[in-house]
Structure formats: structure tokens, C-alpha cells
Amino acid sequence: MPAYKDQKTGTWYVKFYSRDWTGVNKQIKKRGFATKREALDFERNYKIRQECNLDMTFGNFFELYKEDIEPRLKRNTWLSKEHIIRTKILPYFKDKKMNEITAADVMKWQNEMMAGKDAQGKKYSETYRKTMHNQLSCIFNHACRYYNLKENPARKAGNMGKEQTKEMQFWTTEEYKKFSEAIMDKEMSYYAFEMLYWTGIRLGECLALCMEDFDFTNDTVRINKSYQRLEGKDLITTPKTPKSNRVIKMPRFLSEEMKEYFQMLYGYGRKDPYLSGDKVFSSP
């Protein structure tokens, strides 16, 4: 597998033939590699992928997995998944070949995770252990389903940890009223909590609300988006699930409160709140 140096730029490039999924032999060119080794690694891994050959390291397969899966997931979902993989899974498996990883290897990794501790010096919870194992198993499942790995060693090793059911905590109406009275002087916070408590919407859904989502004729509010802050940026995404797109009936008093709030915003120099695309509540 030769690699070539571009005399003008000083970088390396590869030029080779590889059969695509239709069986056609096509020439592939890739430029801009800093070293000859990087160029050759690209050629090797490209051919391995085309041939569904898992004689590659777990670390290289993860990059392939990322390319396949990341575009299909919400950004926050992928970031959570990637963080666990990069910090808890790759350090152990990245240099092992995919087709040589055994259930015994997975069990040794599990033992390390069960002995591991978080930043506060506490052992990982049962739920978090289960989540780590599930992410590892997802990668092997992908290899089995699409790249002809014979079996999933994580499934063969068995899970670690278990999902723990947490008791839900609720405010009684009297408790909430005491709280709302205490924050009544903080206008935006007061009206945001009114929406959260009396409609049951999620925090991200509340922070994504625009003025045109409210229908004061029918006393309803439309939920069709969610606010998130990811990688230092404010993002408006679709709700958590397709079923989260919904129209909620507001109590009459809440509808009147929100109209009052909008008029306050209008009085502060905002555009006409019934025509504006501005968000109702500022993000934290």
C-alpha cells in the first residue's frame, strides 16, 4: 500500500482502488495527511470497512460506529453516549482487535468499572454501571448487525449493575403556593414555575416556549420544541419523543396570568407579543 508525498504542501496522500457495495472497483483519493502512517492507516481502514472486515481495533471501529450512528441521534443523546464511551470504554478496549475481544475481556473490564469511583470518590451507582455496559453492548450489536461480527461478547458476559427505580417527589398544592409566594417578586421565575407546575411540561419545553405557542381563545399552549444548552451553545430541538408534541389545556387562571405576563413584556419595549417569535422565558 504506497503513500505519496505532495511536494507543494508537504502533506501525504493515498490513491487506491476499492470495490463499493455494488461490486464496482473505484479509485479512491484522499489528501492532507500529516504523516505517511496516517495516510496508510486511512487506506487500510477504508478497505476493511468496505469488506466488512473486523480485523481492526475497537478504537478504529468506534470511529466507524460514530459515523454510522451520530447523524441518527439528537445531539444531546449522542454527546451523553460518546462521553461514556470515550471515558469508560475506549481506555480499556481501544487497542484490542474487534474480532479478538472475548467475554472474558468484557468481564475484566466490568470488574474494573465495579471497583472504579467517580470524581467525588464514590463507587459508580448500579444504574450507571448498567448504562456503561449497555453502551459497550450497543457497539458490539452494531458490529454484529452490519459488519458480520459473529457474536456480541458483552451479551455473553452478562450485564453488570441494574436499573434503580427512584421515588418521584411531588409538591402538594399548599407547598407549591408557599414557594410561589416567595418568588412572586421575581416575575420571570414566577410565571415560568406557574407554567411548569400547572401544566406538567418539562423544563426544556418551558424554556423553548414562544409567544405564538399560546392560544388564549381556547386556553391552550402548544408544545413542539425543547431548549437545551450543549457545548456552550443554546439550541432549540424537537421534544424528547414524537408523542411529546402536544397541545395542553391551561387552567383559565393560568391563561389569564400568561396574558398579564405578555402585556408586561410588551410594556418593557418588546415587540407586539402576539406577533413576536421571541421566547417567553430567557434561558439560564
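Just above, that's the structure.
Residues numbered from 1 in each chain as written. Predicted model: local features only at pLDDT ≥ 70, side-chain atom pairs only at ≥ 80, totals over all residues. Heavy atoms only, no water.

Peer 1: Lay out the nonpolar core in plain terms, naming residues and giving numbers.
Peer 2: By size, the foremost hydrophobic cluster in this structure holds 30 residues, and its most contacted members are Phe58, Phe61, Trp109 and Leu136. Counting only elements with at least two residues in this core, the list comes to helix H2 (58-69), helix H3 (75-93), helix H4 (103-115) and helix H5 (126-147). Dropping the residues within four chain positions of it, Phe58 is found in contact with Ile89, Leu90, Phe93, Lys94, Lys96, Met98, Ile101, Leu136, Ile139 and Phe140. Core analysis: the next-biggest nonpolar cluster, separate from the first, contains 26 residues, Phe216, Leu254, Tyr261 and Val280 among them. (Core = buried A, V, L, I, M, F, W, Y, C linked by side-chain atoms within 4.5 Å. Buried < 20%, exposed > 50% of the residue type's maximum accessible area, 1.4 Å probe, protein only. Helix = DSSP H or I, 4+ residues; strand = E, 2+ residues; numbered from the N terminus. Contact = heavy atoms within 4.5 Å.)

Peer 1: Which residues make up the environment of Phe61, and what values do they have?
Peer 2: Within the secondary structure layout, Phe61 lies in helix H2. In this structure the C-alpha to C-alpha distance between Phe61 and Ile139, which are 78 residues apart in sequence, comes to 8.7 Å. In this structure, Phe61 is in contact with Leu54, Met56, Met98, Ile139, His142, Ala143 and Tyr147, ignoring residues within four places of it in sequence.

Peer 1: Give a detailed account of the pattern of salt bridges, specifying residues and quantitative values.
Peer 2: On inspection of all chains with the given rule, the structure shows 17 salt bridges. Its salt-bridge partner being Glu126, residue Arg129 comes within 3.5 Å of it at the nearest N-O pair. Placement of the pair is Arg129 and Glu126 together in helix H5, with a separation of three residues, close to one helical turn. What makes Arg129 buried here is its relative accessible area of 11%. (Salt bridge = Lys/Arg side-chain N within 4 Å of Asp/Glu carboxyl O.)

Peer 1: Which residues make up the packing of H4 against H5, and what values go with them?
Peer 2: Two numbers describe how H4 lies on H5: the axes approach to 11 Å, and their chain directions differ by 150°. One finds that H4 runs roughly antiparallel with respect to H5. Both H4 and H5 take part in a crossing whose hand is right-handed. Where H4 approaches H5, its residues Val106, Trp109, Gln110, Met113 and Met114 are matched on the opposing element by Arg129, Met132, His133 and Leu136. (Axes fitted to C-alpha atoms, helices over the stretch in contact; angles between N-to-C directions. Parallel < 35°, antiparallel > 145°, perpendicular 65-115°, else oblique. Left-handed = near helix turned anticlockwise from the far one by under 90°.)

Peer 1: If you had to explain the environment of Phe216 to someone new, which residues and values would you point to?
Peer 2: Along the polypeptide, Phe216 turns up in the loop between strand S4 (214-215) and strand S5 (220-223). Measuring from C-alpha to C-alpha, the distance between Phe216 and Tyr65 comes to 47 Å, with 151 residues separating the pair along the chain.

Peer 1: So what's going on with the sheet that holds strand S3 (residues 25-33)? Which residues, and what values?
Peer 2: The antiparallel open sheet is built from three strands, whose spatial order is S1-S2-S3. A single partner strand is all that each edge strand has here, and the edge strands are strand S1 (4-5) and S3. Strand direction decides the pairing type here: strand S2 (residues 12-19) and S3, joined by seven bridges, are antiparallel. The residue of S3 that forms the bridge with Val14 is Lys30. The strands touched by helix H1 (residues 36-50) are S2 and S3; relative to S2, the strand with the most contacts, the crossing angle is about 15°. (Pairing = 2+ DSSP bridges.)

Peer 1: Could you give me a rundown of the state of the cysteines, with the residues and numbers involved?
Peer 2: With the rule as written, the count across this model stands at zero disulfides. Cysteine Cys206 shares no disulfide, and the gap to the nearest cysteine sulfur, in Cys210, comes to 12 Å. Of the residues examined, Cys206 reaches a relative accessible area of 1% and is grouped as buried. (Disulfide = S-S within 2.5 Å.)

Peer 1: Which residues make up unusual backbone geometry, and what are the values?
Peer 2: Not every positive phi belongs to a glycine, and Asn148 is a case in point at roughly 65°. In this fold, Asn148 is placed in the loop between H5 and helix H6 (153-157). One non-glycine residue, Asp219, lies in positive phi territory at about 55°. Structurally, Asp219 is set in the loop between S4 and S5.

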